[in-house]
Amino acid sequence: MVDGKPHPSGDQRFRVLEATMKRHQYQPNSLIEVLHKAQELFGYLERDILLHIAHSLKLPPSQVYGVATFYHFFSLTLSGRHTCVVCMGTACFVKGAASLLSTVEQIAHIQAGETTQDGGLSLSTARCLGACGSAPAVVLDGQVVGYQTSEILGQQVTQMMDHSQSKVAT
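Owing to the predicted nature of the structure, the values given are computational and were not obtained by experimental measurement.

Colleague: Would you take a moment to explain the pattern of salt bridges for this structure?
Modeller: Side chains carrying opposite charge are able to pair once their charged atoms draw close together. Counted by the stated rule, this structure contains two salt bridges. As a salt-bridge pair, lysine 37 and glutamate 40 come within 3.2 Å of each other at their nearest N and O atoms. Of this pair, lysine 37 and glutamate 40 both sit in helix α2 (residues 31-42), three residues apart, which is roughly one turn of that helix.

Here it is, written out as structure tokens:
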């Protein structure tokens, strides 16, 4: 609902998003919770969703965009069936995160921030995952995995991509 009317697109997911904002009384300090719900509903935060949230919470679009791009768990593009996030925080970087990132880029033929052409794998980086004690760490399909080596990560990513392609073929 926008100003008491259903969203012009007719997409029912906006109704659920609206209920979330209403539950938080349209308070600007509920932005992160609302962004989480929007990403859960839509899979990613596209421009019109961010603008809708900004309008509803009476926030400048630049602030909503700033929050959505600051935190690594928000995505402005549709993710692949599998995801790989390489931590580039200090502890991980010192222990070889750049090598891990390079390995995945070579295997998947994509750069950080991209998704393979078949939509099978999205690769991104994070400033810090908070898993410094198990550096270098990555997040594979939402699971934090520590003590990674290029060899182990390469095998895991290859498996993910093979599994993804076999799902498409069936």
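Colleague: Whenever I open this one, the packing of aromatic side chains confuses me. Can you help?
Modeller: Each aromatic ring pair is described using two quantities: the centre-to-centre distance and the angle formed by the ring planes. Per the counting criterion, the structure on display carries three aromatic pairs. Joined through ring pairs, the aromatic side chains of Phe70, Tyr71 and Phe74 make up one cluster.

Colleague: Which parts of the structure should I look at to understand unusual backbone geometry?
Modeller: The phi torsion of most residues other than glycine is negative, and most of the peptide bonds are trans. Look at the link from alanine 135 to proline 136: it is a cis peptide, with omega at -5 degrees. Along the chain, the position of proline 136 falls in the loop between β2 (121-126) and β3 (138-140). Even without being glycine, glutamine 25 reaches a positive phi, approximately 55 degrees. Along the chain, glutamine 25 falls in the loop between α1 (13-23) and α2. Here tyrosine 147, not a glycine, exhibits a phi torsion of approximately 55 degrees, which is positive. Tracing the chain through its elements places tyrosine 147 in the loop between β4 (143-145) and α7 (150-169).

Thresholds, definitions, all that
Residue positions are given per chain, counted from 1 along the sequence in the order it is written. Local features are withheld for residues below a pLDDT of 70 in this predicted model, meaning they are given only at 70 or higher, and side-chain atom pairs are given and counted only at 80 or more; totals for whole chains, interfaces and linings count all residues. Only hydrogens and water are removed before side-chain values are computed, so all heavy atoms of the structure are retained for them. The salt bridge definition used is simple: a Lys or Arg side-chain nitrogen within 4 Å of an Asp or Glu carboxyl oxygen. To qualify as a helix, a DSSP run of H or I must reach at least 4 residues; to qualify as a strand, a run of E must reach at least 2; elements of each kind are numbered from the N terminus. Planes of paired rings set the category: under 30 degrees apart is stacked, over 60 is edge-to-face and the rest tilted, where pairs are Phe, Tyr or Trp rings (Trp by its six-membered ring) whose centres lie within 6.5 Å.

Purely spatial values, then, with no claim about function.
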